[in-house]
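# Report on the structure
If you want the building blocks of each chain, they are given just below.
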Amino acid sequence: MTAISFGDALNRTLHDCMAADDSIIIAGEDIAGGAGIEDSDVELGGVFGVTRGLAARFGTGRVLDTPITESAFVGMGLGAAATGLRPVIEVMFCDFFGVCFDQLINQAAKMRFLSNDRIQLPLVIRTTMGAGDGSGAMHSQSLHALVASVPGLRVVCPATPADAAGLLKTSIASPDPVIFMEHKGLYGLTGPLREDEDGHIVPIPLGKGRYVRRGTDLTLVATGAMVQEAEKAADILAVRGMRCEIIDPRTISPLDMEILIESVAGTGRLLVVDEGAAFAGFADAVVSKISQKAFAFLKSAPVSLTPPHTPVPYGRALEAAYLPSHEKIVECALRHFSK
Amino acid sequence: MDIEILGKYLFKAAFIRSFEQRLAQFSQKGLVPGLLHLCLGAEVFEVILCSKLDSSCDQVTGSHRSHGLALAMETDPVSVAAEILGLEAGLSAGIGGTQHLLAPESGFLSSNGIVGGQVPMAAGAALSAKVRGTGGIAVTVFGDGAFNQGAISETMNLAAVLSLPVLFIVENNGLGQSTAAGYATAGSVIQRVRSLGIAAERVDSNDIEAVDTVTDTMTAWVRNNGSPAVIEALVPRLGGHYHGENEAYLGDQKVPDPLHTLETKALNSGLAEDQIQDILSRARQDADSAVEQAAKLYPAGESLMAKWSAKLHWNSGVGLLQAGGTDT
């Protein structure tokens, strides 16, 4: 098992997939970088380096830098997906979904349905999410539940390098459009990459969550960067005598209800920590579905921990006040679930 | 012009006219689920345009007003009619309906319920043709109303800078729903497009020779150069925004009907009066029979919705461990 960063795991997966399948193309803003600048031979490889080396290896016919026009290039991606290519389109920040919402929620999401399955749409929209780096209100949102609420879109939120690689591989192979959300705070996170005996990345199915750790007293549900906060909190809570079970659903849609119900059946308590919306977000969705489907197992009311219902603030102290953290998880767990 | 070709154009355009008029009658009887946005007046232009395309490698995308384009691309008329009537034998089993006709197998990728929404995907079809080396082009048809949408300016720019073989067709019928193009559009279509360095031509759809030449030249130009081009086609809208709307705002405008112009042109080019009448009556009979055949078919029911509900379900039907509560 090779230790690799989250960003490099994604880069490696893009390289492997493109080498194996000529129909995969990549397009987005600055993904090769320096387009049109004379004597520019240093590849930017995307603002986070995830697309590094692709243009040099596969050529600018398959790796396209686009103008800053999300509607046009997301729409181009879905049109290409409908006509024989497997495009991986990068939208630099999920906040920019606001610019191309028609192409996402009307065009990409509905095409398979409107064609009654005569058209497959193997389209991946890679994007970033998450606060914590001072990027402010329009480069920091976590819109995973917003897009997951639209039928026809699949939404992936990996939390480890192995999951990032395995889920991206599956997303590229998917006949449905997939919104692949990479938390900016995770790019430097290192961990093992899961490869088979031939050195191929092991794909991870969409809709299959994972136990981050087992426990008996409280089910902690977290995705993306919140998984690490949940782990830190669980360490502290263990010292206080509360053994937490941590579930990372890994994909928002499809959502692995089985693992969630199985865990709640064991612990009887649920705390969902999420960086998304305080109202009608992912935390509310999990609390609602568990309340409906596993009510009999619950020993107390389920709880969600999210940022306040405000846009993401800029200043360091403000942003820290905004974000859920392991300290807040500990405080919340003790307040609601101390026996 | 060759009278055989004129005869073909006339048959197809008349077929589309009759097809839509028959559907309009069904609509008046309450048998069409949605509102019908008829292409009355655009048939001739669309038939000539599509005659220049190769459905094995080209793809067309259109607006909410696309019955005629789907038919001009030779999509099976019974399937089109059944789709518009919301029936199981429709292109998409009645899931899409009048504004969402998808027939990629005959080179009609998609029509669209969002004004301008169909335009970016044409850049994708063009990219696909380019990367896969099929020799195909994409053609996207939209109105003067859509021309002001950002997605269209973005896509024209993208197609130009990435050299994508897309032919943009601005069907200028002078009206975006009930708003005049002159009120809604600053400058002119051709000026705006040429400022992007894109080849552009304007053609009046009542000038049959010019339509034939311009569509031929521009499709060939896009195919041979692998770069975008624009045609602004002046087409009349001979009815309301949709069939049955209050058309009082249209006033008392008299616009020549390109279908009559084509008829006259065919006559003047040497097609006999009785041949023309024969073409028109065959077109009417064929169209009526297609729509009536479709109308005898059945709507899809709950099982189709159950299939799609399972396919798109937020948990994809992962087996649930039930512990009371409802399954939603």
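None of the values given here were measured: they were computed from a predicted structure.

### Structural notes on the overall build of chain B
Secondary structure assignment for chain B yields 12 helices and eight strands. For 328 residues, the compact-globule estimate of 2.2 N^0.38 gives 20 Å, and the C-alpha radius of gyration of chain B, at 21 Å, lies within 12% of that figure. For chain B, the spread of C-alpha atoms along the three principal axes comes to 75 × 50 × 40 Å. Expressed as a percentage of contacts within chain B between residues at least 6 apart in sequence, the contacts between residues at least 24 apart total 72%. Total accessible area on chain B stands at roughly 13,100 Å², and carbon and sulfur atoms take up 50% of it. Treating the 21 positive side-chain charges of chain B as one cloud and the 35 negative ones as another, the clouds have centres 3 Å apart.

### Thoughts on the pairing of strand S3 (residues 138-143) of chain B
Along any regular strand the residues' side chains alternate between the sheet's two faces. Residues and elements named next belong to chain B. In terms of burial, S3 is a largely internal element, five of the six residues being buried. One ladder, built from three bridges, connects strand S1 (residues 59-61) with S3; its direction is parallel. What sits directly across from Thr 61, in S3, is Thr 140. Bridge count between S3 and strand S4 (residues 166-172): six bridges; the pairing is parallel. When the bridges of S4 are listed, Val 139 appears paired with Leu 167. Each parallel crossover has a hand, and for S3 linked through helix H6 (residues 150-161) to S4 it is right-handed.

### Comments concerning the packing of helix H4 (residues 77-84) of chain B against helix H11 (residues 273-295) of chain B
Residue and element names in this part refer to chain B. H11 packs onto H4 with a crossing angle of 50° between their chain directions and a minimal axis gap of 8 Å. Between H4 and H11, the angle falls in the class oblique. Crossing geometry of H4 relative to H11 is assigned as right-handed. Residues Pro 77, Val 78, Ala 81 and Ala 82 of H4 form the contact with H11, whose participating residues are Ala 290, Val 291, Gln 293 and Ala 294. In terms of residue class, the contact of H4 with H11 is made up of seven nonpolar, one polar and no charged.

### Brief notes about the packing of aromatic side chains
Under the definition given, this model contains seven aromatic pairs over all chains. A ring pair is formed by Phe 48 of chain A and Phe 93 of chain A, whose centres lie 6.0 Å apart and whose planes are at 75°; its orientation type is edge-to-face. One end of the pair, Phe 48 of chain A, is in the loop between strand S2 (24-28) and helix H2 (54-58); the other, Phe 93 of chain A, is in the loop between strand S4 (86-91) and helix H4 (101-114), with 45 residues separating them in the sequence. On the basis of relative accessibility, which here comes to 9%, the residue Phe 93 of chain A falls in the buried class. Clustering of aromatic rings is evident, with ring pairs tying together Phe 6, Phe 48, Phe 93, Phe 96 and Tyr 187 of chain A. Just above the ring of Phe 26 of chain B sits the side chain of Lys 29 of chain B; from NZ or CZ to the centre is 4.8 Å.

### Brief notes about helix H3 (residues 70-81) of chain A
Here H3 of chain A contains 12 residues, and its C-alpha end-to-end distance of 16 Å stays within 8% of the 16 Å for a straight helix at 1.5 Å per residue. Among the 12 residues that make up H3 of chain A, 12 are buried, leaving the element largely enclosed by the rest of the structure. Along H3 of chain A, the residues that are buried comprise Glu 70, Ser 71, Ala 72, Phe 73, Val 74, Gly 75, Met 76, Gly 77, Leu 78, Gly 79, Ala 80 and Ala 81 of chain A. Those residues of H3 of chain A hidden inside the fold are in contact with S2, S4, H4 and strand S5 (124-129) of chain A together with helix H5 (119-132) and H6 of chain B.

### Describing the sheet that holds S5 of chain A
Residue and element names in this part refer to chain A. Strands sit in the order S3-S2-S4-S5-S7-S6-S12 across an open sheet of seven strands; the sheet is mixed. Edge strands, defined here as strands with exactly one partner in the open sheet, are strand S3 (63-65) and strand S12 (251-253). The average angle at which neighbouring strand axes cross in this sheet is 20°, direction not considered. Of the strand pairs in this sheet, S2 and S3 are connected by three bridges, and their pairing is parallel. Of the residues in S3, the one forming a bridge with Gly 28 is Asp 65.

### Comments concerning unusual backbone geometry
With omega at -5°, the peptide bond leading from Ser 253 of chain A into Pro 254 of chain A counts as cis. With respect to the helices and strands, the residue Pro 254 of chain A is situated in the loop between S12 and helix H8 (257-267). For Glu 74 of chain B, which is not a glycine, the phi torsion comes out positive at approximately 70°. Tracing the backbone through its elements, the reader meets Glu 74 of chain B in the loop between helix H3 (67-72) and H4. Positive phi, normally seen in glycine, also occurs at Ala 93 of chain B, with a value near 60°. Looking at the element boundaries, Ala 93 of chain B is found in the loop between H4 and strand S2 (108-110).

### A word on the UniProt feature "domain: Transketolase-like pyrimidine-binding" (unreviewed entry) in chain A
Taking the UniProt record as the reference, the feature "domain: Transketolase-like pyrimidine-binding" (unreviewed entry) is found at residues 4-189 of chain A. Secondary structure across residues 4-189 of chain A comprises 34% helix and 17% strand; the distance between its end C-alpha atoms is 8 Å.

Criteria and thresholds
Residues numbered from 1 in each chain as written. Chains lettered and ligands numbered in written order. Predicted model: local features only at pLDDT ≥ 70, side-chain atom pairs only at ≥ 80, totals over all residues. Heavy atoms only, no water. Helix = DSSP H or I, 4+ residues; strand = E, 2+ residues; numbered from the N terminus. Rg over C-alpha atoms; globule rule 2.2 N^0.38 Å. Contact = heavy atoms within 4.5 Å. Areas by Shrake-Rupley, 256 points an atom, 1.4 Å probe, with all protein chains shown as cover. Lys, Arg positive; Asp, Glu negative; His and termini not counted. Charge placed at Lys NZ, Arg CZ, Asp CG, Glu CD. Buried < 20%, exposed > 50% of the residue type's maximum accessible area, 1.4 Å probe, protein only. Pairing = 2+ DSSP bridges. Right-handed = clockwise from strand over helix to strand, strands pointing away. Axes fitted to C-alpha atoms, helices over the stretch in contact; angles between N-to-C directions. Parallel < 35°, antiparallel > 145°, perpendicular 65-115°, else oblique. Left-handed = near helix turned anticlockwise from the far one by under 90°. Nonpolar A, V, L, I, M, F, W, Y, C, P; charged D, E, K, R; others polar. Phe/Tyr/Trp six-rings, centres within 6.5 Å; stacked < 30°, edge-to-face > 60°. Lys NZ or Arg CZ within 6 Å of the ring centre and 35° of its normal. Expected span 1.5 Å × (residues − 1). UniProt positions renumbered as here; feature names shortened; annotations may be inferred.

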